[in-house]
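Working through the structure, step by step
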Amino acid sequence: MGSGHDHYMQLALEEALKCTPSPTAYCVGCVLVVRIQPDSPIVLSAGYSRELPGNTHAEANALGKTRSLTKADIEAFSPTLRGYEVPQLLRHTDVYTTLEPCSIRTSGLAPCADALIKAGAKRCIIGANEPPDFVNCEGAEKLKQAGIEVIWLEGFEERCLTVARRQV
Ligand SMILES: Nc1nc(O)c(N)c(N[C@@H]2O[C@H](COP(=O)(O)O)[C@@H](O)[C@H]2O)n1
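Not measured: the values here are computed from a predicted model.

Conventions and cut-offs
Residues numbered from 1 in each chain as written. Predicted model: local features only at pLDDT ≥ 70, side-chain atom pairs only at ≥ 80, totals over all residues. Heavy atoms only, no water. Helix = DSSP H or I, 4+ residues; strand = E, 2+ residues; numbered from the N terminus. Rg over C-alpha atoms; globule rule 2.2 N^0.38 Å. Buried < 20%, exposed > 50% of the residue type's maximum accessible area, 1.4 Å probe, protein only. Contact = heavy atoms within 4.5 Å. Areas by Shrake-Rupley, 256 points an atom, 1.4 Å probe, with all protein chains shown as cover. Lys, Arg positive; Asp, Glu negative; His and termini not counted. Charge placed at Lys NZ, Arg CZ, Asp CG, Glu CD. UniProt positions renumbered as here; feature names shortened; annotations may be inferred. Salt bridge = Lys/Arg side-chain N within 4 Å of Asp/Glu carboxyl O. Core = buried A, V, L, I, M, F, W, Y, C linked by side-chain atoms within 4.5 Å. Arc of directions from axis to C-beta. Pairing = 2+ DSSP bridges. Axes fitted to C-alpha atoms, helices over the stretch in contact; angles between N-to-C directions.

**Focus: the overall build of the protein chain**
Summing up its helical and strand segments, the protein chain has seven helices and five strands in all. Seen in sequence order, the protein chain has helices and strands lined up from the N terminus as α-β-β-α-α-α-β-α-β-α-β-α. Taking 168 residues into account, the globule formula puts the C-alpha radius of gyration at 15 Å, and the protein chain, at 15 Å, falls close to it. Taking the principal axes of the C-alpha coordinates as reference, the protein chain spans close to 45 × 35 × 35 Å. Here the protein chain, with 168 residues, has 49% of them falling under the buried criterion. Residue pairs at least 24 apart in sequence account for 72% of intrachain contacts in the protein chain once pairs closer than 6 positions are excluded. Here the protein chain has roughly 8,400 Å² of accessible surface; of this, 53% comes from carbon and sulfur atoms. Across the protein chain, the centroid of the 17 positively charged side chains sits 5 Å from that of the 20 negatively charged ones.

**A word on helix H2 (residues 58-67)**
Looking only at H2, the buried set comprises Ala-58, Glu-59, Asn-61, Ala-62, Leu-63 and Thr-66. On the buried face of H2, the contacting elements are strand E1 (29-34), strand E2 (42-48), helix H4 (86-90), strand E3 (93-97) and helix H5 (112-119).

**Quick word on the UniProt feature "domain: CMP/dCMP-type deaminase" (unreviewed entry) in the protein chain**
In this structure's numbering, the residues bearing the UniProt feature "domain: CMP/dCMP-type deaminase" (unreviewed entry) are residues 3-138. Secondary structure across residues 3-138 comprises 31% helix and 16% strand; the distance between its end C-alpha atoms is 26 Å.

**Looking at the pattern of salt bridges**
Under the defined criterion, the tally for this structure stands at eight salt bridges. A salt bridge links Asp-94 to Arg-35; its shortest N-O distance comes to 2.6 Å. Here Arg-35 lies in the loop between E1 and E2 and Asp-94 lies in strand E3, a separation of 59 residues in the sequence. When the shortest N-O distance is used, the salt bridge between Glu-75 and Arg-82 registers 2.8 Å.

**Observations concerning the nonpolar core**
Of all hydrophobic cores here, the largest spans 46 residues; its most connected members are Met-9, Leu-32, Val-95, Tyr-96 and Leu-143. Look past the residues within four positions of Met-9 in its chain and what remains in contact with it is Tyr-96, Thr-97, Thr-98, Ile-125, Ile-126, Gly-127, Leu-153, Phe-156 and Cys-160.

**Description of H5**
Restricting attention to buried positions, one finds in H5 the residues Cys-112, Ala-113, Leu-116 and Ala-119. Down the axis of H5, the sector holding all buried residues measures 130 degrees, keeping them to one side. For H5, the elements touching its buried residues are H2, H4, E3 and helix H6 (139-145). At the exit of H5 stands Gly-120, carrying a positive phi of roughly 80 degrees.

**With respect to the sheet that holds E2**
Across the sheet, which stays open at both edges, the five strands sit in the order E2-E1-E3-E4-E5 with mixed pairing between neighbours. Two strands close off the open sheet at either side, each with one partner strand: E2 and strand E5 (149-152). Across the sheet, the mean angle separating the axes of adjacent strands is 15 degrees when strand polarity is ignored. In terms of strand pairing, E1 meets E2 through six bridges, oriented antiparallel. Paired with Val-33 across the strands is Val-43, a residue of E2. Sheet strands in contact with H2 are E1, E2 and E3, and its direction is about 135 degrees off that of E2.

Listed below in structure tokens is the structure:
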């Protein structure tokens, strides 16, 4: 059985396509996948840039949606998740994001890399590194230093960047 990374990155790309384009920001998609049982991954939530009100980022939106899950929501995903609370789930969660999580925000809001570290995410699978169009992003390095495994997924870079920069 493969890692399934391509499938979940494809879902993240579909999230990114839901973004309202902006000339001053990227269109990013994110999917959170919990692997309590490694062979039975479960999608906890997904998010995209500016989905929630304000200048919100994909990763933060997906995290926020996971934090809103009730015990009943969690059990409805699978009986194997019965009894798990969100903070525990997040420590077994893989983050699929079409663009490297931000380490600095021009708005001064909290960076996504910090939020993922605080949540204790297990791995971060990234479709493309952030080009230096807006800021010098060091999100992947920050995650690695905090002990989060970073996987640069091959074969997605061009698609992720095209979607990130789209203007229509
Ligand atoms: N990883 C990621 N996810 C998103 O949803 C994003 N919109 C971005 N954009 C990056 O965030 C920084 C800009 O910060 P502000 O939103 O202006 O505060 C900059 O690094 C963008 O490229 N990244």
